[in-house]
Amino acid sequence: MDGSRKTFSGADRASVDDDRRKPNGNPREAQQVRGEKRSNGDEQDESEEYSKRSKRSHSDRESRGLQGDNSYVSSLFTANPEVKERDYTQKIDEGLKPSNGALLNDESATFKALGVNEALCKSLEDKMKYSKPTRIQRAVIPALLQEDRDLFVQAQTGSGKTLSFTLPIIQKLMDASDGTLNRKSGVFAIILSPTRELATQTYNFLASKLCSTCHWIVPGIVIGGEKKKSEKARIRKGVNILVATPGRLADHIENTGNLDLSRVRYLVLDEGDRLMELGFEEAISKLLTQLKKDFSRVLPANMNGSLPSKRINVLCSATLKDKVRKLGEISLTDAKLITSQSVDSLGSDEMKAPEQLIQEVMVVPPKLRFVALSATLKNLTSEEPVSGTSKTIVFFSCSDSVDFHFIALTRTGRRLTMEKGRQKLEKNRKKGEDSDTTNKITATTAPLINPDTVIYKLHGSLSQQTRAATLNHFSKSTSHKHAVLFCTDVASRGLDLPGIENVVEFDPPFTLEDHLHRVGRTARVGSSGLSVLFLLPGDEEGYIKKIEPLHGNDKENLKFLSYEDVLKKAFKEDAKPEHKNAEDSDIPTRTDRNKKKIPFREGNWDTHATTFQLNMERWLLEDARSREIATSAFVSHARAYTTHLASERDCFNIKKLHLGHLAKSFGLREAPKKLAGRNSQEHHKKPRENSKRKMLRMAKIAVASQSSEFNTI
Ligand SMILES: Nc1ncnc2c1ncn2[C@@H]1O[C@H](COP(=O)(O)OP(=O)(O)OP(=O)(O)O)[C@@H](O)[C@H]1O
């Protein structure tokens, strides 16, 4: 890593779901995903609160600024809660030492010194360009090569964990057979991944990189999402290393007669914490029982005994928390703990973010969230990429919110079509077939952000093919200077997308582990990285205290961003110099509640920001389908908010959210009644409205609709 640091602070540079269950805005599902239970009482309490908040937002119209011509302006910058500035003592300029990179300055750290054979060393250096091992590789590779013992590996994100367990397995198989092993020799290793994306990535790494030196060792993959028949055929043909998701593997164990597990000598449970969160404990227990039952000491005659005489289990996890410990208890025996951090006893410390990562925190009032996100992206894409395409990932709490922000920021853009897809599309059109099935990726240019930017979207509600195609296209994207991925936590775990420079957590993570995994998509293997976390003023600011210990030893990696600075930088174009006396100047003014003319603040960046917001609101008013998407996004966002862990409710409490202000950031005039309605329907059926009341209500609506195009909540 080069010691140079960059920052996207306002002043200088202006944020899985798995295939089975996803917290797609559904609190129950999301809680199940994290294994958290909540009493009904709680839910009812909160739904009543929704209703109250919703009603309040209607009456909040008082805070609108009324212009002389009787039209409302959006009061984006009034009635916002105050934000407390934080001052961190910065050491950033002194350069932060990478903690997860290759040990470039350590002469003794070589793959050869770890016992890696010559052919593999050559392949690592020449083909993969890995000159030195990382810290975790230095610990895990010799342990697996020399000690036949179970391992519990706790590694920082982006520290090269995959190579640390795959390389020794490959070498052991190379040594064991003297080159005579073939795909029919049996399954010797199983690597379990929590998600299809991660399994595919591990499989690709084996197939296209590691096994290129020893093409007779055959990796295979079973993850679902394609016909079971073709997976069965693959198993029948024979594989030596099987990469799988637990559910699909369990299915094959039960239903695919020719899956022989008697020779399995290595079982790797990758991302153990996520495997448990996704509820795979039962599937893993069954697999362990089956492996034990089928185990055979006897190996083919041509194998010279370098493989262990028992099964070696490796559990990799970012954390050592309760659930992972439980997985450790059921899967490991007398395991050695290896951690990339300097802890010597199990559980005495938790994982931290890479030490070279700069973590910025921006506290943004709810009304300003949409413009603040746009500003952040404008600023990030305002600079020339250092090389190739600069890449940014933005995390949202639910699929609906991804969908809304995607269409809102790409509404004036052009949809990308893969070249192959385009040809197929043409063919199908000629045949008169539906074209959309061939155009898998969801990526559109975003001139509203920057003319040379393309935004992709990814979440668990998209088909597996679309997800795979989108990830693939995003990681290889070179067509534009800037590529941005809008996603849910579907992309937070384990995915190794090359060259991610920035991560934006637009919606705060659901757990601290999620935070570490999200920010860990950047600052990988020693490279620099930036991450910005959006929080709301008030209780959410308390979350800063929770993440502080994860970033550096002395908060040296943390930086506080002023949202005003970020907006100023992004919307400063055409800004005029500050005018103290607004009445005498020709700069735009607005009228306050007492009908006094007041200037827009410094320059007119806030006019531009307001116009940006108003354009979005106007688009929603004109486009009923998009308005529906915005409404669903708001509702799902609010519901997802209720699924923050009980232990973090002090920071994320739905009761403290100003729903009206939040609705504004989704371009809505007020918090959708749907939010209150759905719950109230469940708990207390509304009495039928009598005709007099109905007339009164209709009259009120008519008056309101005459008076304003935009609400100003
Ligand atoms: N010794 C090395 N030198 C340089 N690059 C390496 C080395 N080892 C691995 N890499 C590369 O580092 C990247 C990250 O590796 P990997 O995906 O295994 O990290 P990880 O520890 O599993 O991260 P996460 O926990 O986020 O999944 C990959 O692109 C990999 O090819």
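Procedures and definitions
Residues numbered from 1 in each chain as written. Predicted model: local features only at pLDDT ≥ 70, side-chain atom pairs only at ≥ 80, totals over all residues. Heavy atoms only, no water. UniProt positions renumbered as here; feature names shortened; annotations may be inferred. Pairing = 2+ DSSP bridges. Helix = DSSP H or I, 4+ residues; strand = E, 2+ residues; numbered from the N terminus. Axes fitted to C-alpha atoms, helices over the stretch in contact; angles between N-to-C directions. Contact = heavy atoms within 4.5 Å. Left-handed = near helix turned anticlockwise from the far one by under 90°. Nonpolar A, V, L, I, M, F, W, Y, C, P; charged D, E, K, R; others polar. Near = heavy atom within 4 Å. Polar contact = N/O pair within 3.5 Å; in protein donor to acceptor, adjacent residues only side chain to side chain. Areas by Shrake-Rupley, 256 points an atom, 1.4 Å probe, with all protein chains shown as cover. Core = buried A, V, L, I, M, F, W, Y, C linked by side-chain atoms within 4.5 Å. Buried < 20%, exposed > 50% of the residue type's maximum accessible area, 1.4 Å probe, protein only. Parallel < 35°, antiparallel > 145°, perpendicular 65-115°, else oblique. Salt bridge = Lys/Arg side-chain N within 4 Å of Asp/Glu carboxyl O.

Per an unreviewed UniProt entry, the chain goes by the name ATP-dependent RNA helicase and belongs to Eeniella nana. Under the heading Function (unreviewed entry), UniProt records this for the chain: "RNA helicase." Of the chain, the UniProt comment under Sequence similarities (unreviewed entry) reads exactly: "Belongs to the DEAD box helicase family."

Novice: Could you give me a rundown of the sheet that holds strand 15 (residues 500–505), with the residues and numbers involved?
Specialist: Pairing in this open sheet of 8 strands is mixed, and the strands run 12-13-14-11-15-16-10-17 from one edge to the other. With one partner strand each, in any of the chains shown, strand 12 (443–445) and strand 17 (558–561) form the two edges of the open sheet. Each neighbouring strand pair of the sheet contributes to a mean axis angle of 20 degrees, computed without reference to strand direction. Against the sheet, helix 13 (residues 369–380) engages strand 10 (357–363), strand 11 (390–395), strand 14 (482–487), strand 15 and strand 16 (529–535), with an angle of about 170 degrees to strand 16. Set on the sheet, helix 16 (residues 464–476) makes contact with strand 11, strand 13 (453–458), strand 14 and strand 15; between it and strand 13 the angle comes to about 150 degrees.

Novice: Which residues make up the packing of helix 13 against helix 14 (residues 399–410), and what values do they have?
Specialist: The axes of two packed helices give the description: the angle between them and the distance between them. Running from N to C, helix 13 and helix 14 cross one another at 65 degrees; their axes reach a closest spacing of 12 Å. You can see that helix 13 and helix 14 cross each other, and the crossing is right-handed. Across the interface between the two elements, F370, L373, S374 and L377 from helix 13 touch H405, A408 and L409 from helix 14. Tallied by class, the residues present in the contact of helix 13 with helix 14 amount to 5 nonpolar, 2 polar and no charged.

Novice: Can you explain the site of the ligand? Please cite residues and give values.
Specialist: By nearness alone, 18 residues border the ligand, and Y130, Q137, T162, D496 and R524 come closest of all. The backbone of K132 places a nitrogen or oxygen atom 2.8 Å from a nitrogen atom of the ligand. A distance of 2.9 Å is found between an oxygen atom of the ligand and a side-chain nitrogen or oxygen belonging to R521. When the free accessible area of the ligand is taken as 640 Å², the share hidden by the protein chains comes to 88%. A breakdown of the residues in the shell around the ligand according to their chemical character gives 4 nonpolar, 8 polar and 6 charged.

Novice: Describe the nonpolar core, and please don't skip the residues or the numbers.
Specialist: Counting residues in each nonpolar core, the largest one holds 69 residues, and the members touching the most others are F404 and F486. With sequence-adjacent residues up to four places away left out, F486 is seen in contact with L377, V394, F396, V402, H405, F406, L409, I455, Y456, K457 and L458. In this structure, L173, M303, L307 and V314 belong to the second largest nonpolar core, which totals 48 residues.

Novice: Report on unusual backbone geometry, specifying residues and quantitative values.
Specialist: One non-glycine residue with positive phi stands out, namely A79, at about 55 degrees. Relative to the helices and strands, A79 resides in the loop between strand 2 (72–73) and helix 4 (118–127). Unusually for a residue other than glycine, D334 sits at a positive phi of about 45 degrees. Within the element layout of this structure, D334 appears in the loop between helix 12 (322–331) and strand 9 (336–339). Judged by relative accessible area, which is 60%, D334 ranks as exposed.

Novice: Can you tell me about the packing of helix 11 (residues 281–294) against helix 12, naming the residues and giving the values?
Specialist: Contact geometry for helix 11 and helix 12: axes closest at 10 Å, N-to-C directions at 15 degrees. When the axis of helix 11 is compared with that of helix 12, the two are roughly parallel. In the crossing of helix 11 with helix 12, the sense of the turn from one axis to the other is right-handed. For the pair formed by helix 11 and helix 12, the contact residues are E281, I284, S285 and L288 on the first element and K326, L327, I330 and S331 on the second. Residue composition of the contact of helix 11 with helix 12, grouped by class: 4 nonpolar, 2 polar and 2 charged.

Novice: Describe the pattern of salt bridges, with residues and values.
Specialist: Using the criterion set out here, one finds 25 salt bridges in the structure. Between R524 and D496 there is a salt bridge whose closest N-O contact spans 2.8 Å. Residue R524 is found in the loop between helix 17 (512–519) and strand 16, and its partner D496 is found in the loop between strand 14 and strand 15; the two are separated by 28 residues along the sequence. On the basis of relative accessibility, which here comes to 14%, the residue R524 falls in the buried class. Across the pair K545 and E548 runs a salt bridge whose closest N-O atoms are separated by 3.4 Å. For K545, a relative accessible area of 56% gives the class exposed.

Novice: Residue-level account of the sheet that holds strand 9, with values.
Specialist: Strand order in the open sheet made by the 7 strands is 5-6-4-7-8-3-9, with parallel pairing throughout. In the strand order of this sheet, the two ends are held by strand 5 (219–222) and strand 9, each with one partner. Averaged over all adjacent pairs, the angle separating strand axes in this sheet is 15 degrees, with direction ignored. Bridging between strand 7 (residues 266–269) and strand 8 (residues 312–317) involves 4 bridges; their strand directions are parallel. When the bridges of strand 8 are listed, L267 appears paired with N313. Where helix 7 (residues 196–209) meets the sheet, it contacts strand 4 (189–192), strand 5 and strand 6 (241–244), and its direction lies at approximately 165 degrees from that of strand 5. Sheet strands in contact with helix 12 are strand 3 (151–154), strand 7 and strand 8, and its direction is about 175 degrees off that of strand 8.

Novice: Quick one: what's the story with helix 17, residue by residue and with numbers?
Specialist: Of all 8 residues making up helix 17, 7 are buried, and the element is well covered by its neighbours. Buried within helix 17 are the following residues: E513, D514, H515, L516, H517, R518 and V519. Those residues of helix 17 hidden inside the fold are in contact with helix 10 (272–277), strand 10, strand 11, strand 15, strand 16 and helix 18 (543–547).

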